[in-house]
Structures are given as C-alpha cells and as structure tokens.
Amino acid sequence: MPYLIDGHNLIPKLGLRLDSPDDEMELVAILQEFCRLERRQAEVYFDGAPQASTRRLGAVTAHFVPLTTTADNAIRNRVKK
C-alpha cells in the first residue's frame with residue numbers, strides 16, 4: 001500500500017509555503033526523493049484544482065482533486081477501494 005498524503009496539509013509542515021506558485025511540485029520533488037530512498041510509493045492529493053487530473057511522477061502519483069470535493073474525501077474513497 002502506498003503512502004496516502006493530503007498535500008496541502010503537509011506543505012507547511014515541511015517549511016514550504018502554500019502561497020508559492022510551485023508549492024505542489026516542490027512537495028512532489030521531496031516525496032520523490034523520500035520514495036526513492038525508502039523504496040516505497042506515495043499518492044499525494046491536492047484539493048482546489050479547477051478540474052480533476054492525475055499525474056504519475058516516478059514513484060509519486062499526484063491527484064489534483066476538483067473544487068467540488070476535498071483531498072480528504074478523495075483519500076477516503078481511495079482507502080475504501
């Protein structure tokens with residue numbers, strides 16, 4: 001089972017800024033290095049996207065959750081599957 005992460009909750013915990021235009025990709029880069037070192041996979045969920053999309057970035061899958069729901073709900077749905 002991959003790590004399931006609410007990206008916008010983790011960004012400030014790592015000293016990154018939510019108001020930075022590249023905050024999400026900065027977090028993905030950190031997670032890629034973590035996954036490489038730990039030989040694990042992670043799925044990170046970012047809410048507030050204009051439309052839903054998913055990008056596979058090495059061992060990290062980034063899910064951009066649309067405005068109609070939240071990252072928390074997307075993670076809950078993923079766990080249920």
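All of the points below concern the structure found in this document. (Residues numbered from 1 in each chain as written. Predicted model: local features only at pLDDT ≥ 70, side-chain atom pairs only at ≥ 80, totals over all residues. Heavy atoms only, no water.)

Considering all chains together, one arrives at 3 salt bridges under this definition. Between R36 and E33 there is a salt bridge, with its nearest N and O atoms 2.7 Å apart. In this pair, R36 and E33 are both assigned in helix α2 (residues 23-38), 3 residues apart and thus about one turn of the helix distant. When the shortest N-O distance is used, the salt bridge between E43 and R78 registers 2.9 Å. In this pair, E43 is assigned in strand β2 (residues 42-49) and R78 in helix α3 (residues 71-80), connecting sequence segments 35 residues apart. The exposure class assigned to E43 is buried, which follows from its relative accessible area of 11%. Judged by relative accessible area, R78 falls into the partly exposed class, the value being 24%. (Salt bridge = Lys/Arg side-chain N within 4 Å of Asp/Glu carboxyl O. Helix = DSSP H or I, 4+ residues; strand = E, 2+ residues; numbered from the N terminus. Buried < 20%, exposed > 50% of the residue type's maximum accessible area, 1.4 Å probe, protein only.)

This part covers the sheet that holds strand β1 (residues 3-6). Strand pairing in a sheet is mediated by backbone hydrogen bonds. Such pairs are either parallel or antiparallel. Spatially, 4 strands are ordered β1-β2-β4-β3 in an open sheet, and the strand pairing comes out mixed. A single partner strand is all that each edge strand has here, and the edge strands are β1 and β3 (53-57). Recorded for the sheet is a direction-independent mean angle of 20 degrees between the axes of neighbouring strands. Here β2 pairs with strand β4 (residues 60-66) via 6 bridges, running parallel. Looking across to β4, one finds that E43 is bridged to T61. Those strands touched by α2 are β1, β2, β3 and β4, and its axis lies near 170 degrees from that of β2. Most of the contacts of α3 go to β1, to which it runs at about 165 degrees, and overall it touches β1, β2 and β4. (Pairing = 2+ DSSP bridges. Axes fitted to C-alpha atoms, helices over the stretch in contact; angles between N-to-C directions. Contact = heavy atoms within 4.5 Å.)

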